[in-house]
Amino acid sequence: MGVNYFLLTFIFILFLVEFSCIEPVCGNAEVRALMEIKSALDPESKKLSSWTSDGDPCSGSFLGVICNEHHKVTNITLTNGGLTGKLSPAIAELKCLSGLYLHYNSLTGEIPKELGNLTELNDLYLNVNNLSGIIPPELGKMASLQVLDLSCNQLTGSIPTEIGFLKKLSVLELQHDRLTGEIPVNLGNLGTLKRLYLGFNQLSGPIPLKLAASPQLEALEVQNNTLSGVVPPALRRLNEKFNFESNPGLCGSGFTSLRVCTFWDHVNVNQGGSDLPDSKNNGVPKDVPGAAHISPLHCNGTHCSRSSKFPQAIIVASVITVTVTLVIAVVFGIFRRRRLKQKVGNTSDASDDRLSTDQAKEIYKRSPSPLLTVEYSNRWDPMTPEKSCNSMYNEFLNGFKFNLEEVESATQYFTDLNLLGRSNFSAVYKGILKDGSIVAVKSISVTSCKSEETEFMEGLSLLTSLKHENLVKLRGFCCSKGRGECFLIYDFASKGNLSQYLDVDVNRNHVLDWSKRVSIIKGIAKGLGYLHSSEPDKPSMVHRNISVEKVLLDQQFTPLILDCGLLKLLADDVVYSALKVSAALGYMAPEYITTGRFTEKSDVYAFGVIILQVLSGKGLLDYSMRLAAESCNFENFIDPNLKGTFSVSEATMLTKLAVSCTLEDPDCRPSMVSVNEELNKSSGG
């Protein structure tokens, strides 16, 4: 009886402990941990005065603290909070923490190894601080970690191989630190790794072949290190998203500005780790270009008489190679130092060829992403109220103007995790406004905008006048003199752009059914018709750059035309560059090639191409498909993913309409008014 009583009591105690997590955190271990964290982060209690020992962190009173439904702390966001203290190991007591955002502060000291115990943490942002010491290997235990950003600090030592254990890691940012050693080979084991930024350190050795072959890798930056060896050919697929500048020891073929490899580069290629050369292949990896042509050298009885000349040739060749490399490195160093002085004044450190942490912080505050942009204008500021040229725009400014703090807060200071896409003149980020609505923020550098502020403001005025159900809604804009950028804030389209639904596999569940395709075509036609029409508060205009990439889809697959009027804001050379891309994809009307002019019929031509793409499910149309369309040979034209489930009458009408829209003579093409009239006649069937 006594034993049973004892057992029941013990079980009851365990029950209380197990379900204690549903009690409020007020007064429990998490509050004590928060008080320790506060004491360390804000030793003078100037910034975190709302954190009190008798308060409830889940009531909303604790600055930057968010809890879950079980009253457990899940998020601490103190970005740009003016914190000057240190990180406390007590952070590890917040077992349910999924996001820790402490970037853009002035924190010092080391990163606590206890952070490795936060196995629920998804995002760890400690970038742009003054943290020192090594990267704790214990961080490799954070099984849920997706983003690790420790850039722009003073971290030393090597990159722990334990980072390669983070199987969910998508973004790793370690640029602008003082890291040494080699890039761990096992980073190539991270099947989810998309972006890796290691630039501006003192890393040495090769770029691992395994990392280059990582299936999800989209961007790799290793510039301004001391890396050496042959660059893996697999990195060519990254194009401009592979940045390797200022590593004189690197060589390879097929990369712009990268030196051609010598004999010894191939012999010593990627030594170490799992990238060791195959002993059966004479010490040269099989996938090195030209490696098959390097013969093994033997000194046997018949060749010994010539062996004495061979080392001499090698020595001479080596001396020449080293000399040329040193000369190039010196010239490049002088050139780069002059460029840095031009861009960031006389603050560059003469002792090395990297930006200081303070310089990097200033650049980051002006830059939309870790892809550094140091050129900016101190003059350009179209929002200055005293400028007479802006007086006519005061009315629309009041309704559309955002401030920089709102934009930075919405995008979490332009974190790379929120990056949706990038072009040669802009970057687009996903953001959440304070009212909870999701937006897309397009960042445009001042160098890409019209130099005349009056022209720029006229273009901005035009953008705000556009209001139609088939145009992406512009929420507002923000122009920042300090960052040298203008931001356009649009409603977010949850289904992506139309190009994502072309050239797809049935198994990818991206196949649009017939009714959606017809609805999308009609919606695009309505949007273009609105642009071409003249209304009291809006002049008629030509899009000039319509394509499937410029058509977004919302939750109901309603088509929304993007970038209407955007070209009015951009400099002529940027516009020309964008139009070259459009021409290469087949959207450019023939008359533009001869006259260089755009008309409404130019948009009609591009619309006809889009119809053919939507019907065929193909991003690029070849000549045979066009012939099939002209003859209404649906078997060789309509997307086979539809498996014959489409309306023949609608398909006939749409195909004939597309053919007429893409006639060579613009006078023979219909207007968008006629196009919409024809589409309205169709009732399906």
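Whatever comes next refers back to the structure up there.
Just so we're clear, the structure is a prediction, and the values are computed from it rather than from any experiment.

Remarks on the overall build of the protein chain
Per the secondary structure count, the protein chain includes 17 helices and 21 strands. Out of the 685 residues in the protein chain, the part that is buried amounts to 49%. A separation of at least 24 residues holds for 56% of the contacts in the protein chain among residues at least 6 apart in sequence. Of the roughly 32,600 Å² that the protein chain leaves accessible, carbon and sulfur atoms contribute 55%.

With respect to helix H10 (residues 453-465)
Compared with an ideal rise of 1.5 Å per residue, which puts 13 residues at 18 Å, H10 spans 18 Å between its outermost C-alpha atoms and is within 8% of the ideal. Those residues of H10 lying buried are Glu453, Phe456, Met457, Gly459, Leu460, Leu462, Leu463, Thr464 and Ser465.

Regarding the packing of aromatic side chains
For the structure on display, the rule yields 11 aromatic pairs. Ring geometry for phenylalanine 244 against phenylalanine 255: centres 6.1 Å apart, planes inclined by 80°, an arrangement best described as edge-to-face. Placement of phenylalanine 244 in the loop between strand E13 (242-243) and strand E14 (249-251) and of phenylalanine 255 in the loop between E14 and helix H4 (263-267) is noted, with a sequence separation of 11 residues between them. The exposure class assigned to phenylalanine 255 is buried, which follows from its relative accessible area of 10%. Measuring from centroid to centroid gives 5.9 Å for tyrosine 501 and phenylalanine 557, while their planes differ by 75°, and the two rings are edge-to-face. Of the two residues, tyrosine 501 sits in the loop between strand E19 (485-491) and helix H11 (514-532) while phenylalanine 557 sits in the loop between strand E20 (551-553) and strand E21 (559-561), which places them 56 residues apart along the sequence. Judged by its relative accessible area of 17%, phenylalanine 557 falls in the buried class. In textbook terms, an aromatic cluster arises when at least three aromatic residues are bridged by ring pairs, as seen for Phe242, Phe244 and Phe255.

Regarding helix H14 (residues 600-616)
For H14, spanning 17 residues, the distance from its first C-alpha to its last is 25 Å, which sits close to the expected 24 Å at 1.5 Å a residue. A large share of H14 lies buried, amounting to 15 of its 17 residues. Just past H14, the residue glycine 617 takes up positive phi, approximately 75°.

Structural notes on the pattern of salt bridges
Opposite charge on two side chains permits them to pair, given that their charged atoms come into close proximity. On inspection of all chains with the given rule, the structure shows 12 salt bridges. For the salt bridge of lysine 516 with aspartate 513, the shortest nitrogen-to-oxygen distance reads 3.5 Å. Accessibility expressed as a relative area gives 29% for lysine 516, which makes it partly exposed. A salt bridge links aspartate 563 to lysine 550, with the nearest nitrogen and oxygen atoms 2.9 Å apart. Placement of the pair is aspartate 563 in the loop between E21 and helix H12 (572-584) and lysine 550 in the loop between H11 and E20, with a sequence separation of 13 residues. Owing to a relative accessible area of 7%, aspartate 563 belongs among the buried residues under this scheme. Exposure remark for lysine 550: the relative accessible area of 18% places this residue in the buried category.

With respect to the state of the cysteines
Cysteine pairs can be covalently joined through their sulfur atoms, and such a bond is termed a disulfide. Scanning the entire structure with this criterion turns up two disulfides. Paired through a disulfide, cysteine 58 and cysteine 67 show a sulfur-sulfur distance of 2.1 Å. Given an S-S torsion of about -85°, the disulfide between cysteine 58 and cysteine 67 has left-handed geometry. Note on cysteine connectivity: cysteine 251 is disulfide-linked to cysteine 261, with sulfurs 2.1 Å apart. The sign of the 100° torsion about the S-S bond sets the cysteine 251-cysteine 261 disulfide as right-handed. Of this pair, cysteine 251 sits in strand E14 while cysteine 261 sits in the loop between E14 and H4, and the two are 10 residues apart along the sequence. In the protein chain, the bonded cysteines, numbered by position in the sequence, are linked as 1-2, 3-4.

A look at the sheet that holds E13
Read from one edge to the other, the open sheet built from nine strands follows the order E1-E2-E3-E4-E6-E8-E9-E11-E13, with strand pairing classed as mixed. For this open sheet the edge positions go to strand E1 (65-67) and E13, each flanked by a neighbour on one side alone.

As for unusual backbone geometry
The phi dihedral of serine 45 is positive, around 55°, even though this residue is not glycine. Considering the arrangement of structural elements, one finds serine 45 in the loop between helix H2 (29-41) and E1. In this structure, histidine 176 is a non-glycine residue whose phi angle is positive, near 60°. Tracing the chain through its elements places histidine 176 in the loop between strand E8 (171-173) and strand E9 (195-197).

Observations concerning the pairing of strand E16 (residues 426-432)
When strand E15 (residues 419-422) meets E16, the two strands line up antiparallel, connected through three bridges. The residue bridging leucine 419 from the neighbouring strand is tyrosine 429, located in E16. Counted between consecutive antiparallel strands, the loop separating E15 from E16 contains three residues. Here E16 pairs with strand E17 (residues 438-445) via seven bridges, running antiparallel. Residue pairing for E17: serine 426 is matched across the bridge by isoleucine 444. If you look at the hairpin formed by E16 and E17, you'll find five residues sitting between the two strands, and glycine 436 has a positive phi there, around 95°.

Looking at the packing of helix H16 (residues 648-661) against helix H17 (residues 672-681)
Interhelical geometry of H16 versus H17 gives an angle of 175° and a closest axis separation of 11 Å. With respect to each other, H16 and H17 are oriented roughly antiparallel. Here Met653, Leu654, Leu657 and Cys661 of H16 lie close against H17, whose contacting residues are Val675, Glu678 and Leu679. Considering only residue class, the contact of H16 with H17 consists of six nonpolar, no polar and one charged.

Quick look at the sheet that holds strand E12 (residues 226-230)
Each strand in a sheet pairs with another by means of backbone hydrogen bonds, the pair being arranged parallel or else antiparallel. Spatially, the three strands line up as an open sheet ordered E10-E12-E14, and their pairing is parallel. This sheet does not close on itself; its edge strands, each paired only once, are strand E10 (204-205) and E14.

A few points about the packing of H11 against H14
Helix-helix packing is characterised by the crossing angle of the two axes and by the distance between the axes. Axis separation between H11 and H14 bottoms out at 11 Å; the angle between their running directions is 175°. Of the possible angle classes, the one that applies to H11 and H14 is roughly antiparallel. Mapping the contact onto sequence places Trp514, Arg517, Ile521, Ile524, Ala525, Leu528 and His532 in H11 and Glu600, Asp603, Phe607, Ile610, Ile611, Val614 and Leu615 in H14. Tallied by class, the residues present in the contact of H11 with H14 amount to 10 nonpolar, one polar and three charged.

Topic: the pairing of strand E2 (residues 73-77)
Burial of E2 is extensive: four of the five residues sit out of reach of the surface. Two strands pair when backbone bridges link them, and E1 and E2 are joined in this way by three bridges, in the antiparallel orientation. Bridged to cysteine 67 within E2 is valine 73. A loop of five residues connects E1 with E2, the two strands running antiparallel in sequence, and histidine 71 in this loop sits at a positive phi of about 60°.

The rules behind these values
Residues numbered from 1 in each chain as written. Predicted model: local features only at pLDDT ≥ 70, side-chain atom pairs only at ≥ 80, totals over all residues. Heavy atoms only, no water. Helix = DSSP H or I, 4+ residues; strand = E, 2+ residues; numbered from the N terminus. Buried < 20%, exposed > 50% of the residue type's maximum accessible area, 1.4 Å probe, protein only. Contact = heavy atoms within 4.5 Å. Areas by Shrake-Rupley, 256 points an atom, 1.4 Å probe, with all protein chains shown as cover. Expected span 1.5 Å × (residues − 1). Phe/Tyr/Trp six-rings, centres within 6.5 Å; stacked < 30°, edge-to-face > 60°. Salt bridge = Lys/Arg side-chain N within 4 Å of Asp/Glu carboxyl O. Disulfide = S-S within 2.5 Å. Pairing = 2+ DSSP bridges. Axes fitted to C-alpha atoms, helices over the stretch in contact; angles between N-to-C directions. Parallel < 35°, antiparallel > 145°, perpendicular 65-115°, else oblique. Nonpolar A, V, L, I, M, F, W, Y, C, P; charged D, E, K, R; others polar.

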